[in-house]
Amino acid sequence: MVVVANPLDQISLVRPPKPGAYFSGVPVINLGEPGSAAAIVKACQDFGFFKVINHGIPIDLMVDLEKEAVKFFSLPQVEKERSGPPNPFGYGNKRIGPNGDVGWVEYLLFGVTSKPFSYTSMAFLREPSASSFRSALNEYISAVRKLASEVLELMAEELKIEPRNAFSKLVIDEKSDEIFRLNHYPPCPLLQGLSCSLTGFGEHTDPQIISILRSNDTQGLQIALRDGSWVSVPPDQESFFINVGDSLQVMTNGRFKSVKHRVLANGMKSRVSMIYFGGPPQTEKIAPLTQLMGEGEQSLYREFTWGEYKKAAYKSRLADNRLGQFEK
Ligand SMILES: C=C1C[C@]23C[C@@]1(O)CC[C@H]2[C@@]12CC[C@H](O)[C@@](C)(C(=O)O1)[C@H]2[C@@H]3C(=O)O
Ligand SMILES: O=C(O)CCC(=O)C(=O)O
Ligand SMILES: [Fe+2]
C-alpha cells in the first residue's frame, strides 16, 4: 500500500478501477412493479445492496440539496470550519470519525434526533441566509425517510413478518436515531499523471438498519462482493442506492448481509453524495426477529441495544468488523 507523502493526511492510494469497468450485476429494483419485494429480499441476501428506480422522489429535491451542498463546500475553508469539527456532528475535513481514519473527503454530518431537526450545532445553518439549505434538507430527509420505510415494509412483507411495520417503525419512531451526511470528494491535483486512486472514504459497513445513498454522476462508490473482490458501482443521479446495515444483518440473523463499501476519489471530477442512515431508538433491543428463526435455530449474536452498539462503533476504526464483538 502506498501513502501520499504529506504526513498530516496519510491517505492511502489504491489501484484505480479500469476506466468504464463498471459492475453490471447491481440489482435494480423497480418499485412500481409487482415482484419488487421478492427482488429486494434476494438483493439483500446476495449483495446487501441494490438500486431503486421508479421511487417517486422528484429529481428536483435531490438537485436542490446538491446545489446547496456545492454552495457550502465552495465557501472559504475558515467559513466551513466554523461549523466543525464534527463531534460527532458538524463540518469535517479528511478526518473521519474519532479514531484516526482519514480520506480525501470533506463532509457535513447531521443528527436528525428532533423532527424537523434543529441545527443548533451548525453555525452557518442558523443564519437567515441558510433558509433555502434548511428547507432543502428537511424536504429531502422527509422523502428519503419515507422511502426507507417503504423499502423496509416490502422486506417484512416478503419475509412474512408481522406486523408489516416491524422494521420500518424503528426508523420512523419519534426517537429513532437517524443521521444524515453530505460528502464532497474534490478532484485531487496530486493524482494527476499518476495511475492510482486515492481513498475518499475507506472500506466499512454502515452500523444502522438501512442507508439510502444518492450521488451526482461521478463514479467512486465500490462494493465488496461475497468473494471479497471490489467492484465499481455505475453512478446514477436519478436513482437511490440502498445498503443493508449491521443492525438489519442482526435482525435477520445473518440472512441479510451488511455490505462492505468504500469510495475512491477521482483526480478529475468532484463527487457529491448524500446519505440517510436510518437507525432505531437508542434503547431498542437489536436481536434476530423470532418469526424469522427456524426450528432450533440459534441467534448468532448476543443481546444488545442500539445505544450499546453505537457506542462500540464509535470506538472502532472504519474498517473494523464491528459486529465481531457481539457474535456468540
Ligand atoms: C470511524 C468511524 C466513522 C463512523 C464512526 C466510526 O467510529 C465507525 C463507523 C463510522 C460510520 C460509517 C457510516 C456513517 O458514515 C457514519 C456516520 C456512522 O454512523 O458510522 C460513520 C461514522 C462517522 O463518520 O462519524
Ligand atoms: O459518499 C459515498 O458515496 C458513500 C459514503 C459512505 O459510505 C458513508 O458516508 O458511510
Ligand atoms: Fe457507508
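Values in this document were obtained by computation on a predicted structure and should not be read as measured data.

Parameters at a glance
Residues numbered from 1 in each chain as written. Chains lettered and ligands numbered in written order. Predicted model: local features only at pLDDT ≥ 70, side-chain atom pairs only at ≥ 80, totals over all residues. Heavy atoms only, no water. 1 Å grid on protein atoms, 1.4 Å probe; cavity = no way out; pocket = protein on both sides within 12 Å on 5 of 7 lines; lining within 4 Å. Points joined across faces, edges and corners; volume = space filled by probe spheres on them. Helix = DSSP H or I, 4+ residues; strand = E, 2+ residues; numbered from the N terminus. Nonpolar A, V, L, I, M, F, W, Y, C, P; charged D, E, K, R; others polar. Near = heavy atom within 4 Å. Polar contact = N/O pair within 3.5 Å; in protein donor to acceptor, adjacent residues only side chain to side chain. Areas by Shrake-Rupley, 256 points an atom, 1.4 Å probe, with all protein chains shown as cover. Sits in = over half its atoms within 2 Å of the grid points. Donors = N, O, S within 2.8 Å, 3.2 Å for Na, K, Ca; no water. Buried < 20%, exposed > 50% of the residue type's maximum accessible area, 1.4 Å probe, protein only. Contact = heavy atoms within 4.5 Å. Pairing = 2+ DSSP bridges. Axes fitted to C-alpha atoms, helices over the stretch in contact; angles between N-to-C directions.

Participant: Describe the layout of surface pockets, naming the residues involved and giving the relevant values.
Facilitator: Over the atoms rolls a probe the size of a water molecule, and its path tells where empty space is left. The calculated volume of the largest pocket comes to roughly 720 Å³. Around the largest pocket, the lining is made up of 41 residues, and of these I96, G97, L109, R181 and F201 lie nearest the centre. The set of elements that each furnish at least two residues to the lining of the largest pocket consists of β5 (90-96), β6 (101-111), β7 (179-185), β8 (197-204), β13 (261-265) and β14 (271-278). Sorting elements by how many residues they give to the lining of the largest pocket places β5 first, with 5 residues. When its residues are assigned to classes, the lining of the largest pocket shows 19 nonpolar, 14 polar and 8 charged.

Participant: Mind laying out the site of ligand 1, listing which residues take part and the relevant values?
Facilitator: Close to ligand 1 lie 19 residues, the nearest being R181, Q208, F277, A313 and S316. The separation between an oxygen atom of ligand 1 and a polar side-chain atom of R181 is 2.8 Å. Relative to its unbound accessible area of 470 Å², ligand 1 is 98% covered by the protein chains. A molecule is said to occupy a pocket when more than half its atoms come within 2 Å of that pocket's grid points, and by this definition ligand 1 occupies the largest pocket.

Participant: Go over the site of ligand 2 with me, naming the residues and quoting the values.
Facilitator: Near ligand 2 you find 13 residues, and of these N183, Y185, H261, R271 and S273 are the closest. Separating an oxygen atom of ligand 2 from a side-chain N or O atom of R271 is a distance of 2.7 Å. Within the complex, the protein chains bury 98% of what would otherwise be the 290 Å² of accessible surface of ligand 2. Among the cavities detected, the one that contains ligand 2 is the largest pocket. Taken together, the elements giving at least two residues each to the shell around ligand 2 come down to β7, β8, β13 and β14. Per-class residue counts for the shell around ligand 2 are 6 nonpolar, 4 polar and 3 charged.

Participant: I'd like to hear about the coordination of the iron ion (ligand 3), residue by residue, with values.
Facilitator: Protein coordination of the iron ion (ligand 3) is provided by H204 (NE2), D206 (OD) and H261 (NE2), with donor distances spanning 2.1 to 2.2 Å. Read N to C, the donor residues that coordinate the iron ion (ligand 3) are spaced as H-x1-D-x54-H. Pair noted here: H204 is in strand β8 and H261 is in strand β13, with a separation of 57 residues, a long-range link. Residues H204 and H261 agree in their burial class; the two are buried.

Participant: Any details on the side chain of H261? Residues and values, ideally.
Facilitator: Judged by relative accessible area, H261 falls into the buried class, the value being 6%. Side chain to side chain, H261 and D206 meet in a polar contact 3.2 Å long. One polar contact links the side chain of H261 to the main-chain carbonyl oxygen of V259, over a distance of 3.0 Å. Leave out the neighbours within four places in its chain, and H261 touches G202, E203, H204, T205, D206, L221, Q222, I223, W230 and N243.

Participant: Explain the pairing of β14 to me, using residue names and the numbers behind them.
Facilitator: Counted residue by residue, β14 has 8 buried out of 8 residues, so it is predominantly covered. Neither face of β14 is left uncovered, since the one carrying R271, S273, I275 and F277 and the one carrying V272, M274, Y276 and G278 both have all their residues buried. Sheet analysis places β7 next to β14, joined by 7 bridges and oriented antiparallel. Within β14, the residue paired with F180 across the bridge is Y276. Here strand β9 (residues 210-215) pairs with β14 via 6 bridges, running antiparallel. Its bridge partner being in β14, R214 is matched across the sheet by M274.

Participant: Describe the sheet that holds β7, naming the residues involved and giving the relevant values.
Facilitator: The mixed open sheet is built from 8 strands, whose spatial order is β3-β4-β12-β9-β14-β7-β6-β5. Each edge of the sheet is formed by a strand with only one pairing partner; in this case those strands are β3 (28-30) and β5. Direction aside, neighbouring strands of the sheet carry axes that sit 25° apart on average.

Any link to function would need more than the numbers given here.
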